[in-house]
Amino acid sequence: MVTGQIRTSLAVRQATEGARAPRRVSVLGATGSVGRSTADLLMRDRAGFAVEALTANRNAEQLAEMARALGARLAVVADDSQYAALKAALSGSGIEAAAGEAAVIEAAMRPSDIVLAAIVGAAGLESTLAAVRRGATVALANKEILVCAGAIVMAEVRRHGATLLPVDSEHCAIFQVFDFDQAERVSRILLTASGGPFRTMDRWAMAKVTPAQAVAHPNWSMGAKISVDSATMMNKGLEVIEAHHLFPVEEEKIEIVVHPQSVIHSMVEYVDGSVLAQLGSPDMRTPIAYALAWPERMPAPSARLDFQTLGNLTFEPPDPQRFPALRLARQALRAGGIAPTVLNAANEVAVAAFLEGEVGFLDIARIVEESLNVLGSEPLATLDQVRVVDERARAVARDLARRGRVSVG
Ligand code: NAD
Ligand code: MG
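Computed from a predicted structure; not experimentally measured.

On to the site of ligand 1, then. Around ligand 1, a shell composed of 22 residues is seen, among which Thr31, Ser33, Asn57, Glu144 and Gly223 lie nearest. A distance of 2.8 Å is found between an oxygen atom of ligand 1 and a side-chain nitrogen or oxygen belonging to threonine 31. In this structure, an oxygen atom belonging to ligand 1 sits 3.4 Å away from a main-chain N or O atom of alanine 141. When ligand 1 is considered free in solution it has 830 Å² of accessible area, and contact with the protein chains removes 86% of it. Grouping the amino acids of the shell around ligand 1 by side-chain chemistry returns 12 nonpolar, seven polar and three charged. Counting the residues that make up the shell around ligand 1, at least three belong to each of domain 1 (2-167) and domain 2 (184-280 + 317-402).

Structural data, given as structure tokens:
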């Protein structure tokens, strides 16, 4: 269980880290929204952290600039064709340049204390596993890897004595108030959801929304994929699956509460009726700072909550009729086996197709549902199987997306 790992590694860290040397950090997906928030924190504490490796998909210019600013040892672009651009942008800096998927995995294997896993989608699975397998502390933003291969990732965490720290704001909140020593005394996890930009919109109107509207989240500034996931509420579905793997609580005890202000980041209810919550402004630098400094705390520049002017905090139930992704994610989690892998892969393809203007907003959940129906359920045991199922689901979803949009809700 992740609990044991966390406690054990806490004891080890306390025993071995008497004097505080800078923590060595690698950031996978450094040029993204979470990656840039992480870089901002690292820039503010140059004495506390040393940067080992930074990776990006293909933006060599931006990556080189970050690597220079942070004094990284290694910078890696996943896209081979960007190697020359990266090499040129780093010339004279003494920073090593590399390219290709294997090089991203090697970056994760470099000897850093903490690996911030912030690649988006199942593309981050192999590199995150590489960090897990050397027993690193992995600060995990990349929730999709717990959806597509949750049981396998968690088994590897236990086997290699790695430490997994959630960066997703809800899971970071739960982690902060979850009593791992009395997990059986937890009666509910209350996962809060903003409801996204279409919280009050009817399905007829949703059928016509544009990618620009979908990525304009009311509270959080995030990458395009997770912004669309928030708009369909698939993000919350993925987070139920993520919570199921991170915390020893059954699926039925993980409840979603829509809380449009995004001030309470999640709550844990105990058998005596106590509800513990973590609050803060909606700024990812708070949960990222928590993971970077754990088990200590470090300053983060996030806006402070002003309770004199905060006004009302409101709560409402989620609506699975208007947001079918919520139902699909729970269904996949209950079905188990390959279903969550299919859910994730089909969703990645459907979101990309929506962002490209190939399908409508409501088609996203439809494509995911049809992919789940086509691929059925079977047990999932190995990483090779994850790769095969992921590919198969992508092919099915792409085929469904190619047939175009279904315009009406
Ligand atoms: P993003 O799209 O802004 O950034 C993704 C990063 O991954 C970029 O650096 C990109 O270059 C890299 N990348 C993309 N595809 C890649 C590939 N095939 N190989 C290697 N690198 C690749 O995404 P984000 O919003 O920063 O989200 C990152 C992860 O964190 C996602 O899993 C998301 O669900 C999770 N998360 C994000 C937020 C947020 O506020 N943005 C909050 C909670 C969780
Ligand atoms: Mg979240």
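After that view of the structure, there is still more to cover.
Bringing the sheet that holds strand 9 (residues 254-258) into the picture now. As summarised here, the arrangement of the four strands in space is 9-8-10-11, forming an open sheet in which the pairing is mixed. Edge positions in the sheet fall to strand 9 and strand 11 (275-279), since each has one partner strand and no second. In this sheet, adjacent strand axes meet at a mean angle of 20 degrees when their direction is disregarded. By the bridge criterion, five bridges tie strand 8 (residues 186-193) to strand 9 in an arrangement that is parallel. Directly across from isoleucine 189, in strand 9, lies its bridge partner isoleucine 254.

Let us look at the packing of aromatic side chains. Considering all chains together, one arrives at eight aromatic pairs under this definition. When the ring of phenylalanine 178 is compared with that of phenylalanine 180, the centres are 4.9 Å apart and the planes differ by 50 degrees; the resulting orientation is tilted. By way of ring pairs, the aromatic residues Phe175, Phe178, Phe180, Phe247, Tyr290 and Trp294 are connected into one cluster.

The rules behind the values
Residues numbered from 1 in each chain as written. Chains lettered and ligands numbered in written order. Predicted model: local features only at pLDDT ≥ 70, side-chain atom pairs only at ≥ 80, totals over all residues. Heavy atoms only, no water. Near = heavy atom within 4 Å. Polar contact = N/O pair within 3.5 Å; in protein donor to acceptor, adjacent residues only side chain to side chain. Areas by Shrake-Rupley, 256 points an atom, 1.4 Å probe, with all protein chains shown as cover. Nonpolar A, V, L, I, M, F, W, Y, C, P; charged D, E, K, R; others polar. Domains from an automatic or database assignment. Pairing = 2+ DSSP bridges. Helix = DSSP H or I, 4+ residues; strand = E, 2+ residues; numbered from the N terminus. Axes fitted to C-alpha atoms, helices over the stretch in contact; angles between N-to-C directions. Phe/Tyr/Trp six-rings, centres within 6.5 Å; stacked < 30°, edge-to-face > 60°.

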